[in-house]
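Analysis of the macromolecular model
Listed below are the residues making up each chain.
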Amino acid sequence: MSKTIGVLALQGAFARHMQVFESLGVSTVEVREPDDLPGINGLVIPGGESTTISKMLVRWDLIEPIKRLIDNGLPVFVTCAGLILLADHLVNWDDLPRPGGLNLTVVRNAYGRQIDSFEASLEISIPGDPALSESPFNGVFIRAPRIVADGVGEGVEVLCSFEGHPVLVRQGNILGASFHPELTGDDRLHEWFLNNMVNAR
Ligand code: GLN
């Protein structure tokens, strides 16, 4: 049966995620309100501005329904601001309304002003995945959140680190990246999410 990926489309970098999934042969749907959620086989929470996305999640009553779906095992891929919105612990911003679900401590905008945005060659190693280990992945970091190295809690697997900080993690049905994998034309992570988390369900 063909799969449909819901992409949270309240604000931010959702359009490219949709294009990448469409190019991999799956349908996508924009998620803007709770009625858009039934029937999706996976959910993406994209990068953008986490404070703005949070406000809109509250306005559209989306936090509880998203939380329930995640608790029920829906595969979720979160990038950048999306990672902030699923982090259970946020340094300085812990009262930001959000679904949570990732047993992690995250600092917003932690890479500093001068190097606000940068690209880095990432060595991703996911057990049993030859395509990702074959060559480095170009990670685009845009005012990225930093996962605190000793803030990785139980149940979280670190799939890639950069300069001592995790940048790609998995906790059960949640895959989280602090960078923007949708911007580089390299769709290996989206493909891995589909094959190993969405289709494996
Ligand atoms: N700095 C943004 C935030 O704190 C995240 C940036 C991004 O998603 N590229 O929400």
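The structure under discussion appears in the preceding block.
Below you will find a few notes about this structure. Positions within a chain are numbered from 1, following the residues in the order the chain's sequence is written. A pLDDT threshold of at least 70 governs which residues receive local features in this predicted model, and a stricter bar of 80 or more applies before side-chain atom pairs are shown or counted, although totals over entire chains, interfaces and linings include all residues. The side-chain numbers reported here are obtained from all heavy atoms of the structure, hydrogens and water having been left aside.

Structural notes on the environment of Val158
What counts as a helix is a DSSP run of H or I of at least four residues, what counts as a strand is a run of E of at least two, and both are numbered from the N terminus. Here Val158 is to be found in strand S10 (residues 157-162). According to the relative accessible area criterion, Val158 is partly exposed, its value standing at 40%. In this structure the C-alpha to C-alpha distance between Val158 and Arg59, which are 99 residues apart in sequence, comes to 33 Å. Beyond its immediate chain neighbours, meaning those up to four positions away, Val158 contacts Val152, Pro166, Leu168 and Val169. Categorising residues by exposure relies on relative accessible area from a 1.4 Å probe, with only protein chains included: less than 20% of the type maximum marks a residue as buried, more than 50% marks it as exposed, and the intermediate range marks it as partly exposed. Contact criterion: two residues are considered in contact whenever any of their non-hydrogen atoms come within 4.5 Å of each other.

Regarding the site of the ligand
Nearness is defined per residue: one heavy atom within 4 Å of the molecule or strand is enough. Neighbouring the ligand are the residues Gly47, Gly48, Glu49, Ser50, Cys80, Ala81, Ile84, Arg108, Asn109, Ile142, Arg143 and His180. Under the rule applied, a polar contact is a pair of N or O atoms within 3.5 Å (in protein, one hydrogen donor and one hydrogen acceptor; residues adjacent in sequence only if both atoms are side-chain atoms). In the environment of the ligand, a nitrogen atom lies 2.6 Å from a nitrogen or oxygen atom belonging to the side chain of Asn109. Between a nitrogen atom of the ligand and a main-chain N or O atom of Ile142, the distance comes to 2.9 Å. The protein chains shown are the only cover counted for residues, whose accessible areas, like all others here, come from Shrake-Rupley with a 1.4 Å probe. Within the complex, 97% of the 300 Å² of free accessible area of the ligand lies under protein.

Keep in mind these values describe shape, not function.
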